[in-house]
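Residues per chain are reported as follows:
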Amino acid sequence: MSTPDLLEAWHNHLALARRRSPHTVRAYGATAARLLAALPEPQSWTSLAALDVADVRTQLAARRAEGIGNVSAARELSALKAFLAFARTQAGNAASPPPRLRGPRIKKGLPRPITPDDAVNLAAMVADEGAEPWIGARDRAVLLLLYGAGLRIAEALALPASVLPLGDALTVTGKGSRQRVVPILPIVKAAVEDYAAHVPWPLKRGEPLFRGAKGGPLAQGMIQRAVARARTVLGLPPTATPHALRHSFATHLLGAGADLRSLQELLGHASLSSTQIYTKVDAATLLDVYRNAHPRA
């Protein structure tokens, strides 16, 4: 098979069979393309299935020489393992495990939540800074979905127009095609309805709810840039990102007494261990409050 054929099969597997996000499909596809470019041609699923630990280590070493860090190296290794596991399946050798190689250790940092007032002010500022009123309303609606409902930015932008009109709850499809139901606060519902009333493009069923300036699907980068401009005006730190709003949603719920199991369901985490990090976040937040407020701290 030619390299384009191999990459197309891998891309289709990720996008259609595994239902991975567009970001993951691009990243994993780029990893496979780099591996194939480093190997002698022609390649086949059988030859790829025969690659061993030494081949994977050589590929990672080449990437390290390009200057990638531990996080990127770990992602590269994960993508390589997935691609070679797929190659074994295609070659009829699925029972044989892909090369086993331990990735670099990654120190996990705690998410940095922002205050409820800062979250609301950030959403209001992106509305004021929008190039057009409907764009400002759109960006505010997206951010309130992140903070008010705990959505990932990719989940918010993937919402179809068929979710309208919003009720008191919303069914969201998250990672691994797992679905969950999240409650919709009145302020979030009103923001989405305000956007829908002013967007100049028809919101047809099956098409994206959130649109770019030219009517196409809204890209994450547009929201990230809008937040970067707004946080500069508000004097917020660089950690005040769209994803920080989801962290803030979780941290504030936990601080208000939500139990971990309920929080796990709301966030769409596959395992409770992913949710438990927020207990550390809450403790860190309380410690900051103590240090800033206590006269003997």
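It should be noted that the structure appears before, not after, this text.
Residues numbered from 1 in each chain as written. Predicted model: local features only at pLDDT ≥ 70, side-chain atom pairs only at ≥ 80, totals over all residues. Heavy atoms only, no water.

Chemist: Even after reading the chapter, I still don't get the nonpolar core, so can you show me in this structure?
Modeler: Burial of nonpolar side chains together is a common tendency in soluble globular proteins. Membership of the largest hydrophobic core comes to 43 residues, with the highest contact counts inside it found for Leu 143, Leu 145, Leu 151 and Phe 210. Of all the secondary structure elements, the ones that give two or more residues to this core are helix H6 (116-129), helix H7 (133-149), helix H8 (153-157), strand E1 (169-173), helix H9 (186-198) and helix H10 (220-234). With 11 residues, H7 is the single largest residue contributor to this core. Once residues within four sequence positions are removed from consideration, Leu 151 is found in contact with Leu 145, Leu 146, Ala 156, Leu 159, Val 172, Arg 180, Val 182 and Arg 246. (Core = buried A, V, L, I, M, F, W, Y, C linked by side-chain atoms within 4.5 Å. Buried < 20%, exposed > 50% of the residue type's maximum accessible area, 1.4 Å probe, protein only. Helix = DSSP H or I, 4+ residues; strand = E, 2+ residues; numbered from the N terminus. Contact = heavy atoms within 4.5 Å.)

Chemist: What's the story with the packing of aromatic side chains in this structure? I'm lost.
Modeler: Within the structure shown, the criterion is met by six aromatic pairs. Consider the rings of Trp 45 and Phe 83, whose centres lie 6.1 Å apart with planes at 65°: the pair is edge-to-face. Here Trp 45 is found in helix H3 (residues 45-49), whereas its partner Phe 83 is found in helix H5 (residues 70-90), with 38 residues between them in sequence. Exposure remark for Trp 45: the relative accessible area of 8% places this residue in the buried category. A network of ring pairs unites the aromatic residues Trp 10, Tyr 28, Trp 45, Phe 83 and Phe 86 as a single cluster. (Phe/Tyr/Trp six-rings, centres within 6.5 Å; stacked < 30°, edge-to-face > 60°.)

Chemist: Quick question: what am I supposed to make of the side chain of Ser 248 here?
Modeler: By secondary structure assignment, the location of Ser 248 is in helix H11 (residues 242-255). Take Ser 248: its relative accessible area is 0%, and that puts it in the buried class. Apart from the residues lying within four places of it in its own chain, the contact partners of Ser 248 are Pro 113, Ile 114 and Tyr 147.

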